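Working through the structure, step by step
Residues per chain are reported as follows:
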Amino acid sequence: MLAVWSWRPEDKGAYTKIFAEYEKRHPGVTVKVSAFKKTEYPQVLTTGLTGSNGPDIAQVQAYGKLQPYVDGGNLVAFDGAIPGLKDIDEAALAGATGKKDGKVYGVPFAMQTLQMFYNKDIFAKHKLSVPTTWDDFLRVNATLKQNGITPMAVGGKDTWTLPILHDTLAAAVYGGSAFQKEVVAGATTFEDPVYVKSIQTVASVQGDTPIAPWSPSSSCSPAAPSSTPGTRLPTTSSAAPSPSCTPGSRRCATASGRTPPPWPPSAASSP
């Protein structure tokens with residue numbers, strides 16, 4: 001029997017169906033899926049991997065959260081063992097790569113994109129257009145506030161969502177993945193003036209962005225069927241109304257479309 005562990009109980013039903021099909025194609029193989037609460041999973045997995053009752057296959061969080069398991073010798077590298085590994089984009093594999101040995105210890109189960117949703121009805125009512133410059137973006141926010149509408153909302157119950165807001169609004173300022181590679185290589189730090197400016201960018205619109213104490217998995221998320229009517233544009237982050245919001249409410253609109261960079265992208269490449 002293969003034991004598979006995950007920190008996503010919401011996916012257990014889907015995985016069970018997937019592995020049922022796998023078992024049909026591989027007679028004699030049985031797969032048992034166990035899903036744990038994400039808040040408990042790190043400790044459960046650590047205990048399991050260092051004992052005798054751990055999983056054969058584990059869903060592991062990427063980058064820094066992967067490294068302790070690599071350093072502890074708890075994972076097997078995939079290099080040379082999985083032919084299709086070479087076909088996966090290097091950027092996608094980076095999160096599963098050992099920092100010290102450069103070996104790959106996992107394959108990505110998903111690739112996320114970041115969107116910012118906006119309420120088309122509210123935009124139409126106030127004769128607003130999707131902003132194409134940073135100044136346009138600020139003017140849209142100002143108009144919404146003048147009409148008693150919260151321009152943006154971010155779920156802050158789970159603190160990991162807050163860096164998403166930073167990347168949404170300011171990745172074009174600090175340089176995104178290019179800057180991250182420089183940090184990893186030791187060529188710069190988070191005290192770099194460009195990165196500091198990106199933090200200041202987010203702070204400059206803090207009054208337009210209340211951090212609500214609710215989880216982004218709330219049923220009132222724009223991604224959910226019960227969400228406020230709206231649309232989304234690529235490469236920006238989700239901005240959702242709080243659970244207390246009524247769809248179409250004047251009090252809590254969703255955010256305006258794609259967030260344009262506050263400075264030209266070229267400005268992000270140098271302090």
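Look above for the structure.
Residues numbered from 1 in each chain as written. Predicted model: local features only at pLDDT ≥ 70, side-chain atom pairs only at ≥ 80, totals over all residues. Heavy atoms only, no water.

**Quick word on the overall build of the chain**
When its secondary structure is counted, the chain shows nine helices and seven strands. Residue burial in the chain is summarised as follows: out of 271 residues, 38% are buried. In the chain, of all internal contacts separated by at least 6 residues, the share reaching a separation of at least 24 is 71%. Counting only carbon and sulfur atoms, one obtains 56% of the accessible surface of the chain, whose full area is about 15800 Å². (Helix = DSSP H or I, 4+ residues; strand = E, 2+ residues; numbered from the N terminus. Buried < 20%, exposed > 50% of the residue type's maximum accessible area, 1.4 Å probe, protein only. Contact = heavy atoms within 4.5 Å. Areas by Shrake-Rupley, 256 points an atom, 1.4 Å probe, with all protein chains shown as cover.)

**Observations regarding helix α6 (residues 134-146)**
Here α6 spans 19 Å end to end across 13 residues, near enough to the 18 Å set by a 1.5 Å rise per residue. Those residues of α6 not exposed but buried are Trp134, Phe137, Val140, Asn141 and Leu144. For α6, the angular spread of buried residues about the axis comes to 120°, placing them on one side. Against β4 (116-118), α5 (120-125), α7 (162-174) and α9 (193-204) lie the buried residues of α6. Positioned one or two residues after α6, Gly148 has a phi angle of 75°, which is positive. (Expected span 1.5 Å × (residues − 1). Arc of directions from axis to C-beta.)

**Digging into the packing of aromatic side chains**
Tallied over the entire structure, the rule returns 13 aromatic pairs. Ring centres of Tyr174 and Phe179 lie 5.6 Å apart, and the angle between their planes is 70°; this geometry places the pair in the edge-to-face category. On the accessibility criterion, Phe179 (4% relative accessible area) is buried. The rings of Trp5, Trp7, Phe36, Tyr41 and Phe109 are connected pair by pair, giving a single aromatic cluster. (Phe/Tyr/Trp six-rings, centres within 6.5 Å; stacked < 30°, edge-to-face > 60°.)

**Description of unusual backbone geometry**
In the Ramachandran plot, Tyr63 falls in the positive-phi region, its phi being about 55° despite a non-glycine side chain. On the basis of relative accessible area, Tyr63 is assigned to the exposed category, the value being 52%. In this structure, Lys127 takes a positive phi of about 55° despite not being glycine. Here Lys127 lies in the loop between α5 and α6.

**Observations concerning α9**
Across its twelve residues, α9 extends 16 Å between first and last C-alpha, which sits within 8% of the 16 Å expected from 1.5 Å per residue. Within the span of α9, buried status applies to Val194, Tyr195, Ser198, Thr201 and Val202. Take α9 and look down its axis: the buried residues cluster within an arc of 105°, on one side only. Of the exposed residues in α9, the ones pointing more than 90 degrees away from its buried face are Pro193 and Ser204. On the buried face of α9, the contacting elements are α6, α7 and α8 (177-184). The N-cap residue of α9 is Asp192: its side-chain oxygen and the backbone nitrogen of Val194 are 2.8 Å apart. (Polar contact = N/O pair within 3.5 Å; in protein donor to acceptor, adjacent residues only side chain to side chain.)

**With respect to the pattern of salt bridges**
Side-chain pairs of opposite charge can arise where the charged atoms are in close proximity. Under the counting rule described, the total for this entry stands at six salt bridges. The residue Arg8 makes a salt bridge to Asp11 at a minimum N-O spacing of 2.3 Å. Judged by relative accessible area, which is 25%, Arg8 ranks as partly exposed. Since its relative accessible area comes to 17%, Asp11 is described here as buried. Linking Glu21 and Arg25 is a salt bridge whose minimum nitrogen-to-oxygen distance equals 3.3 Å. Note that Glu21 and Arg25 are positioned in helix α1 (residues 12-25) at a spacing of four residues, about one turn of the helix. For Arg25, a relative accessible area of 62% translates into the label exposed. Overlapping salt bridges, with partners in common, bring together Arg8, Glu10 and Asp11 in one network. (Salt bridge = Lys/Arg side-chain N within 4 Å of Asp/Glu carboxyl O.)

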